[in-house]
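Fold and contact review
The primary structure of each chain is shown beneath.
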Amino acid sequence: MQTICPHCHSSRVTKNINVDSTFSIIEQLCSSTTLSGLGASVCRYYKVNPAIGIIAGSAIASTISLARDKLQPPLLVVATKPSYLCNTCLKIFTI
Ligand SMILES: [Zn+2]
């Protein structure tokens, strides 16, 4: 299926970076499970009680999730609308 630019009707259109997958990677990186695990392995490396790492990781994760909640509305709008770039008129549009 060919995407056509609504401005100049050119078919030379490239889909922009898939925000959806970028978003889920950020989601994955910021999850408390990932950060707790990361904290625990850092502590194992430095020979510190892994429980401290899990607590620290969870604290970082909750800080990030608080920050992410504030950022979520614009991110969700972008994520639901994949954008396209027209190579002829260089305009970005969504379908
Ligand atoms: Zn165009």
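Digging into the overall build of the chain
- A tally of regular secondary structure across the chain gives three helices and three strands.
- Secondary structure elements of the chain, listed N to C terminal, follow the sequence β-α-α-α-β-β.
- A sequence separation of at least 24 residues applies to 56% of the contacts in the chain between residues at least 6 apart.
- Of the roughly 6800 Å² of accessible surface on the chain, a fraction of 66% belongs to carbon and sulfur atoms.

Quick notes on unusual backbone geometry
- In this model, His9 sits at a positive phi of 60°, which is unusual for a non-glycine residue.
- Judged by relative accessible area, which is 61%, His9 ranks as exposed.
- Positive phi outside glycine occurs at Leu90, with the angle close to 60°.
- Mapped onto the elements, Leu90 comes out in the loop between β2 (83-86) and β3 (92-94).

Topic: the coordination of the zinc ion
- Coordination sphere of the zinc ion, protein contribution only: Cys5 (SG), Cys8 (SG), Cys86 (SG) and Cys89 (SG), at 2.3 Å.
- In this structure, the zinc ion is surrounded by four donor atoms whose angles at the metal cover 104 to 117°, and the resulting shape is tetrahedral.
- Each donor residue of the zinc ion belongs to the same chain, and together they define the spacing C-x2-C-x77-C-x2-C. Of this pair, Cys8 sits in the segment before β1 (13-15) while Cys86 sits in strand β2, and the two are 78 residues apart along the sequence.

Cut-offs used in this document
The residue count restarts for each chain, going from 1 along the sequence in the order it is written. Per-residue local features of the predicted model are confined to residues with pLDDT of at least 70, and side-chain atom pairs are confined, for both listing and counting, to 80 or more; whole-chain, interface and lining totals are unaffected and use all residues. Where side-chain values are given, they derive from all heavy atoms of the structure, hydrogens and water being excluded. Numbering of helices and strands runs from the N terminus, with a helix taken as a DSSP run of H or I at least four residues long and a strand as a DSSP run of E at least two residues long. Any two residues whose heavy atoms approach within 4.5 Å are treated as being in contact. Shrake-Rupley sampling with a 1.4 Å probe provides the accessible areas, and residues are treated as covered by the protein chains on show and by no other component. In this scheme, a residue with accessible area under 20% of its type's maximum is buried, one over 50% is exposed, and one in between is partly exposed, where area comes from a 1.4 Å probe on protein chains only. Donor selection uses N, O and S atoms within 2.8 Å of the metal (3.2 Å for Na, K and Ca). Since no water is included, sites may look incomplete. Irregular is the label for any site that misses the other tests, which are tetrahedral for four donors with all angles between 85 and 135 degrees, and square planar for four donors or octahedral for six when opposite donors exceed 155 degrees and the remaining angles lie between 65 and 115.

Remember that the coordinates give geometry; whether it matters functionally is a separate question.
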